[in-house]
Amino acid sequence: MPEIRVTPLGAGQDVGRSCILVSIAGKNVMLDCGMHMGFNDDRRFPDFSYITRNGRLTDFLDCVIISHFHLDHCGALPYFSEMVGYDGPIYMTHPTQAICPILLEDYRKIAVDKKGEANFFTSQMIKDCMKKVVAVHLHQTVQVDDELEIKAYYAGHVLGAAMFQIKVGSESVVYTGDYNMTPDRHLGAAWIDKCRPNLLITESTYATTIRDSKRCRERDFLKKVHEAVERGGKVLIPVFALGRAQELCILLETFWERMNLKAPIYFSTGLTEKANHYYKLFITWTNQKIRKTFVQRNMFEFKHIKAFDRAFADNPGPMVVFATPGMLHAGQSLQIFRKWAGNEKNMVIMPGYCVQGTVGHKILSGQRKLEMEGRQVLEVKMQVEYMSFSAHADAKGIMQLVGQAEPESVLLVHGEAKKMEFLKQKIEQELRVSCYMPANGETVTLPTSPSIPVGVSLGLLKREMAQGLLPDAKKPRLLHGTLIMKDSNFRLVSSEQALKELGLAEHQLRFTCRVHLHDPRKEQETALRVYSHLKSVLKDHCVQHLPDGSVTVESILIQAAAHSEDPGTKVLLVSWTYQDEELGSYLTSLLKKGLPQAPS
Amino acid sequence: MELYCLSGHPTLPCNVLKFKSTTIMLDCGLDMTSTLNFLPLPLVQSPRLSNLPGWSLKDGSAFLDKELKECSGHVFVDSVPEFCLPETELIDLSTVDVILISNYHCMMALPYITEHTGFTGTVYATEPTVQIGRLLMEELVNFIERVPKAQSASLWKNKDIQRLLPSPLKDAVEVSTWRRCYTMQEVNSALSKIQLVGYSQKIELFGAVQVTPLSSGYALGSSNWIIQSHYEKVSYVSGSSLLTTHPQPMDQASLKNSDVLILTGLTQIPTANPDGMVGEFCSNLALTVRNGGNVLVPCYPSGVIYDLLECLYQYIDSAGLSNIPFYFISPVANSSLEFSQIFAEWLCHNKQTKVYLPEPPFPHAELIQTNKLKHYPSLHGDFSSDFRQPCVVFTGHPSLRFGDVVHFMELWGKSSLNTVIFTEPDFSYLEALAPYQPLAMKCIYCPIDTRLNFIQVSKLLKEVQPLHVVCPEQYTQPPPAQSHRMDLMIDCQPPAMSYRRAEVLALPFKRRYEKIEIMPELADALVPMEIKPGISLATVSAVLHTKDNKHVLQPPPRPAQPSGGKKRKRASEDIPDCKVLKPLLSGSIPVEQFVQTLEKHGFSDIKVEDTAKGHIVLLQEAETLIQIEEDSTHIICDNDEMLRVRLRDLVLKFLQKF
């Protein structure tokens with residue numbers, strides 16, 4: 001029995017280090033290759049020994065697909081391809097291919113230069129890894145090999161984020177990566193056609209949340225930033241360099257413009273300008289409105305937002321700073337946070353999801369005394385605000401996507417077990433679709449029953465189609481033919497053609513039955529009586545009386561002969577071929593009952 | 001399968017393909033060479049043009065002198081310029097299901113088709129094709145609408161009068177169907193019917209046909225198309241290039257195994273080498289400027305101009321032209337330059353790599369930043385105050401009949417210091433210049449056409465091996481001006497089928513197979529038997545379901561369980577449906593074994609007689625006779641159904657069913 005097998009190596013009942021193995025029709029595909037922000041040990045990368053204990057990665061995997069450039073989806077890629085060893089193709093979209101190596105290099109620098117980790121991947125490894133990447137267009141059907149094909153759909157999570165359909169013959173799996181079902185200020189909404197996959201693997205970060213309207217959240221955000229700045233406070237917004245940062249920059253830029261505000265807005269890291277440049281060059285990946293107006297005004301050229309210098313953090317007076325990374329787990333955002341945390345006039349706004357173990361997660365869960373390195377305790381007096389701007393689909397959005405794609409079953413990844421449980425029930429009850437949520441290392445097996453494509457000869461098909469047009473729809477029409485199987489070539493042809501192709505002669509099997517009939521009249525008259533009787537009974541059939549005195553019903557021949565001994569009896573010879581057996585046998589039983597009395 | 005040929009222009013094709021149950025229009029080219037018969041539309045009143053003498057017939061009758069003007073021995077129509085549309089009468093265009101566009105030059109007739117023929121289908125094109133196509137249309141509409149012309153000549157179109165006119169007017173085809181330019185409103189409505197597609201995207205049409213655009217290497221977003229079903233494949237090649245310019249390279253491999261390859265859009269200047277022409281362009285430009293003259297380059301606002309600017313970017317410093325201003329004047333100049341930078345995914349590998357850095361893929365960004373290249377929507381406004389001479393001006397339209405180029409021709413034509421360099425291959429430069437004669441300025445002809453030449457075509461055809469090639473008739477003979485050049489035509493086996501405007505071609509296609517899906521339940525129930533080594537057969541009796549042009553075979557319904565005597569009786573009385581097919585039989589019956597089998601099943605008193613062709617087996621007791629021959633068996637018995645069925649089953653044991 002063919003089946004689809006799915007094993008998460010990461011992101012199974014968890015957010016972080018997304019990495020999902022899919023086996024479909026004998027092909028093995030790895031979806032994403034991420035790192036975990038919450039760990040600094042072995043657990044930060046997926047456990048590839050799950051594959052390697054049975055052989056080399058390249059032999060096992062037919063391809064690797066990366067959904068978008070966030071490190072929890074691609075952070076383990078150089079480790080996977082260069083250190084564990086994988087030489088097959090890696091597929092991602094063009095913007096992902098452009099941005100991914102920059103974030104990897106950033107990540108490497110923090111790990112090696114700042115934390116002094118040894119045995120980490122090198123810059124050269126990132127370059128070598130990126131050489132194995134094949135860029136894909138949206139909606140392009142990429143033929144990985146003769147049987148396996150993949151296709152990318154717009155996911156709207158970050159620039160270049162895509163969902164992927166993986167297809168072999170009539171079996172298919174869709175992997176959503178991270179996606180957003182509502183368009184925001186810079187990206188459009190995720191979209192997929194009714195592709196009816198056997199399985200939809202969807203993220204479920206916000207499995208239990210139904211978010212209010214985007215407008216309200218934006219107004220709320222602006223109000224909070226405005227209030228803090230008005231009272232002379234400093235506002236820290238930890239972000240990732242690409243993604244939410246651009247959305248919030250557009251938001252603040254237009255607000256500052258409209259309200260004529262003077263407090264400075266800064267954007268940390270040298271990546272800013274570069275990041276904005278990517279948005280300008282890949283503007284076809286942003287939303288409709290930005291694309292339409294980019295010739296007149298490029299939304300990614302900011303007037304009010306300037307580059308941040310470390311020294312600015314100590315400047316007096318209000319300011320707004322966007323700083324990376326987004327979960328306050330390292331780098332500049334954490335430094336600024338430590339500086340500003342003690343003042344209750346200040347404010348930190350977390351615009352996205354924070355992984356367990358990060359400072360971001362701790363302060364969001366209400367912790368106000370943080371133990372820092374060297375036993376230092378940091379007291380957080382500043383205002384802590386959470387604002388969901390991260391571009392994940394909420395429960396409503398996930399249900400919407402499932403409805404769009406119409407999968408046979410759904411599998412949840414990239415979420416917390418408890419929340420998944422809730423969504424699983426919702427999907428099973430409301431959509432009546434079976435739903436799975438495997439933990440890491442746990443395998444889900446789904447039997448599939450793919451239909452078998454064969455070539456049918458047009459002659460045979462047309463013959464049947466013509467019959468199918470008859471008004472009698474209740475009786476199903478049977479198509480009869482012969483399936484010729486030669487190597488992997490399957491053809492369905494008419495039996496006559498099959499015989500001819502194989503050089504075989506037809507063997508005709510014919511039956512002739514003698515039916516005795518009491519009738520003293522002449523043979524010709526008997527035949528005529530038989531004719532009129534059959535004609536009246538078999539209204540739908542072609543009954544003919546031939547000049548030689550015989551009667552035919554379709555291709556069945558009936559002749560009347562005298563009985564050699566009894567002149568009062570006539571013998572009807574009913575003759576038919578094996579192919580007309582039903583009708584022939586019916587006719588003999590009908591005639592055996594005798595003929596109705598002739599009107600004399 | 002038929003091909004309806006609606007355009008006679010080989011590089012601006014418009015064909016309709018009927019394939020299975022679909023009607024597919026391939027491209028929508030607009031033949032603009034018709035405008036060469038018209039007087040130019042000057043931006044400002046031109047005393048020279050308005051004082052041209054009217055033309056009169058040989059007999060002196062001058063009733064046409066309002067419509068026709070004479071200039072240096074050529075006659076021009078003094079009217080709003082008109083275009084030669086694709087045929088609209090050959091086929092009912094409202095029956096067209098989809099239109100496939102291959103590049104932005106081949107969609108210029110779209111508004112005429114989508115807005116005025118009852119067309120209700122979908123148009124498919126790539127994003128760069130649509131965006132740049134929109135710019136080309138916008139420019140065209142703008143050029144024509146900003147110089148309203150009161151006069152619309154129609155007298156000359158009268159067939160009896162047209163005969164009397166000098167050539168080329170006399171020979172112009174279908175003049176009665178020539179139309180004025182569309183409006184922006186029509187353009188917007190036409191473009192709204194386009195659905196964007198990406199290379200190698202498989203698009204299903206009604207479940208019957210799949211169409212796929214492939215990179216063709218000629219322009220940003222330019223494509224060839226594959227139109228296929230499961231067993232037939234048509235490739236449509238239109239405007240392809242194997243040269244390394246800015247677009248993504250041509251995808252040749254996917255064209256393999258075509259039953260029919262429709263080949264259009266080859267180079268219009270097969271004897272000119274594009275690289276050499278670019279070199280000549282640069283040197284002539286430098287020469288003129290050094291001598292204090294101005295250079296005019298009539299061009300489209302997108303396409304080759306990007307490559308020319310890139311060449312100049314590398315050339316100007318070494319040629320000492322750094323201080324010469326370059327002007328690009330078009331209502332869509334800014335948009336075209338901006339758009340060129342955002343289609344990273346549609347560019348050649350080198351340019352893609354630049355975007356990854358991230359840097360703009362085209363160096364004209366730097367030319368603009370350093371003020372070496374300036375662009376203006378028209379020569380009114382800012383341009384007039386910035387204008388410095390000597391300079392280089394890129395502007396449209398290449399036909400020299402409308403657009404800002406008309407003004408520069410009038411302005412610079414009188415001085416031999418100036419040069420006009422023709423790079424666009426779509427118009428004969430001599431004809432384009434005719435209404436400006438006599439002309440003192442130098443004219444250089446450097447046509448740059450990167451589309452396939454005949455050597456490349458023959459290599460391509462050898463590579464992809466189509467069964468049949470279909471092409472415009474112009475490609476099956478050498479060009480009229482070079483009739484001895486037998487190398488300037490398509491050479492393939494079997495010879496290419498050619499078409500001309502308003503012809504219907506039956507394509508050499510025999511469809512034999514169609515895809516059908518066998519449901520797994522049915523497949524499990526099939527019993528294959530090996531007939532010859534490697535070949536297995538299985539008889540299939542199944543229910544055929546057809547929906548949306550997809551065929552599925554399902555297991556036959558189980559025969560109704562006979563339950564209860566009454567029902568059974570009725571069942572036996574039911575007249576059987578003679579269309580329930582029984583399998584065919586094959587094989588032969590070995591008499592001795594057959595007799596043994598009969599005996600084993602309780603028949604006695606068996607007698608066998610030899611006949612000329614076989615044997616007769618007599619079952620005397622049962623008064624039954626069985627004739628056995630090589631290819632037939634005939635059972636003759638009394639009306640004893642039980643006996644007949646028993647004998648039948650014994651016979652069938654020796655035969656194979658099909």
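Residues numbered from 1 in each chain as written. Chains lettered and ligands numbered in written order. Predicted model: local features only at pLDDT ≥ 70, side-chain atom pairs only at ≥ 80, totals over all residues. Heavy atoms only, no water.

As annotated in an unreviewed UniProt entry, chain B carries the name Integrator complex subunit 9 and comes from Neovison vison. You can read under Sequence similarities (unreviewed entry) in the UniProt record for chain B the words "Belongs to the metallo-beta-lactamase superfamily. RNA-metabolizing metallo-beta-lactamase-like family. INTS9 subfamily." (UniProt positions renumbered as here; feature names shortened; annotations may be inferred.)

As annotated in an unreviewed UniProt entry, chain A is Integrator complex subunit 11 from Neovison vison. Check the Sequence similarities (unreviewed entry) section of the UniProt entry for chain A; it says "Belongs to the metallo-beta-lactamase superfamily. RNA-metabolizing metallo-beta-lactamase-like family. INTS11 subfamily." The Cofactor (unreviewed entry) comment attached to chain A in UniProt states, word for word, "Zn(2+)".

**Student:** I'm lost on empty space enclosed by the protein in this one. Help?
**Tutor:** Vacant regions in the atomic arrangement are exposed by a probe of water-molecule size rolled over the atoms. Residue and element names in this part refer to chain B. Across all of its chains, the model carries 6 cavities of 30 Å³ or more by this definition. Here the largest cavity is characterised by a volume of approximately 220 Å³. Forming the boundary of the largest cavity are 21 residues, of which H105, Y218, V304, E424 and T450 lie nearest the centre. Space inside the second largest cavity adds up to approximately 150 Å³. Taken together, 16 residues make up the lining of the second largest cavity; nearest its centre are M32, H105, Y300, H397 and D426. Looking at the lining of the second largest cavity residue by residue, the class counts come to 8 nonpolar, 6 polar and 2 charged. (1 Å grid on protein atoms, 1.4 Å probe; cavity = no way out; pocket = protein on both sides within 12 Å on 5 of 7 lines; lining within 4 Å. Points joined across faces, edges and corners; volume = space filled by probe spheres on them. Nonpolar A, V, L, I, M, F, W, Y, C, P; charged D, E, K, R; others polar.)

**Student:** I tried to follow the interface of chain A and chain B on my own but got confused; where do I start?
**Tutor:** Accessible area lost on assembly of the parts is the figure often given for the size of an interface. In this assembly, 88 residues from chain A lie in contact with 94 residues from chain B. Around 8100 Å² of area is buried between chain A and chain B when both sides are counted, 60% of it from carbon and sulfur atoms. On the chain A side of the interface with chain B, the three residues burying the most area are L281(A), H507(A) and R514(A), jointly 10% of the side's total. One can count 5 salt bridges joining chain A with chain B. The closest approach of N and O atoms between R291(A) and E127(B), which form a salt bridge, is 3.4 Å. Classifying every residue of the side of chain A that touches chain B gives 40 nonpolar, 28 polar and 20 charged. Pairing geometry for strand β23 (residues 452–457) of chain A and strand β23 (residues 513–518) of chain B, over 6 bridges, is antiparallel. If you follow G455(A) over to β23(B), its bridge partner there is K515(B). (Contact = heavy atoms within 4.5 Å. Buried area = accessible area lost by both parts, 1.4 Å probe. Salt bridge = Lys/Arg side-chain N within 4 Å of Asp/Glu carboxyl O. Pairing = 2+ DSSP bridges. Helix = DSSP H or I, 4+ residues; strand = E, 2+ residues; numbered from the N terminus.)

**Student:** What am I meant to see in helix α8 (residues 244–259) of chain A here?
**Tutor:** A turn of α-helix holds 3.6 residues, and therefore any two residues three or four places apart point the same way. Residue and element names in this part refer to chain A. For α8, spanning 16 residues, the distance from its first C-alpha to its last is 22 Å, which sits close to the expected 22 Å at 1.5 Å a residue. For α8, a buried count of 12 out of 16 residues is recorded, marking the element as mostly surrounded by other parts of the structure. Turning to α8, its buried residues number three or more, namely R244, A245, Q246, E247, L248, C249, I250, L251, L252, E253, F255 and W256. Of the residues trailing α8, N260 is marked for its positive phi of about 55°. (Expected span 1.5 Å × (residues − 1). Buried < 20%, exposed > 50% of the residue type's maximum accessible area, 1.4 Å probe, protein only.)

**Student:** Just to check I follow, could you spell out the environment of V44(B) for this structure?
**Tutor:** Residues and elements named next belong to chain B. Tracing the sequence through the fold places V44 in the loop between β3 (22–26) and α1 (47–50). For V44, a relative accessible area of 43% translates into the label partly exposed. Note: C-alpha distance between V44 and G54 (10 residues apart in sequence) is 21 Å.

**Student:** Where do I start with the environment of S18(A) in this structure?
**Tutor:** All names here are of chain A. Mapped onto the elements, S18 comes out in the loop between β1 (3–10) and β2 (19–24). Residues S18 and Q246 lie 228 residues apart in sequence; the distance between their C-alpha atoms is 24 Å. Setting aside residues up to four positions removed in sequence, S18 forms contacts with G10, A11, L31, D32, C33, G34, D72, H73, Y175 and H414.

**Student:** Quick question: what am I supposed to make of the packing of aromatic side chains here?
**Tutor:** Two descriptors summarise a pair of aromatic rings, namely the distance from one centre to the other and the angle between the planes of the rings. Residues and elements named next belong to chain B. Under the defined criterion, the tally for this structure stands at 39 aromatic pairs over all chains. With a centroid separation of 5.0 Å and an interplanar angle of 90°, the aromatic rings of Y327 and F383 are classed as edge-to-face. One end of the pair, Y327, is in strand β15 (residues 326–329); the other, F383, is in helix α11 (residues 382–386), and 56 residues separate them in sequence. Using a relative accessible area of 4% as the deciding quantity, one classes F383 as buried. Taking the centre distance of 6.1 Å and the plane angle of 80° together, the rings of F454 and Y475 count as edge-to-face. Taken together, the residues F454 in helix α14 (residues 454–464) and Y475 in the loop between β20 (468–472) and β21 (497–499) connect sequence positions 21 residues apart. (Phe/Tyr/Trp six-rings, centres within 6.5 Å; stacked < 30°, edge-to-face > 60°.)

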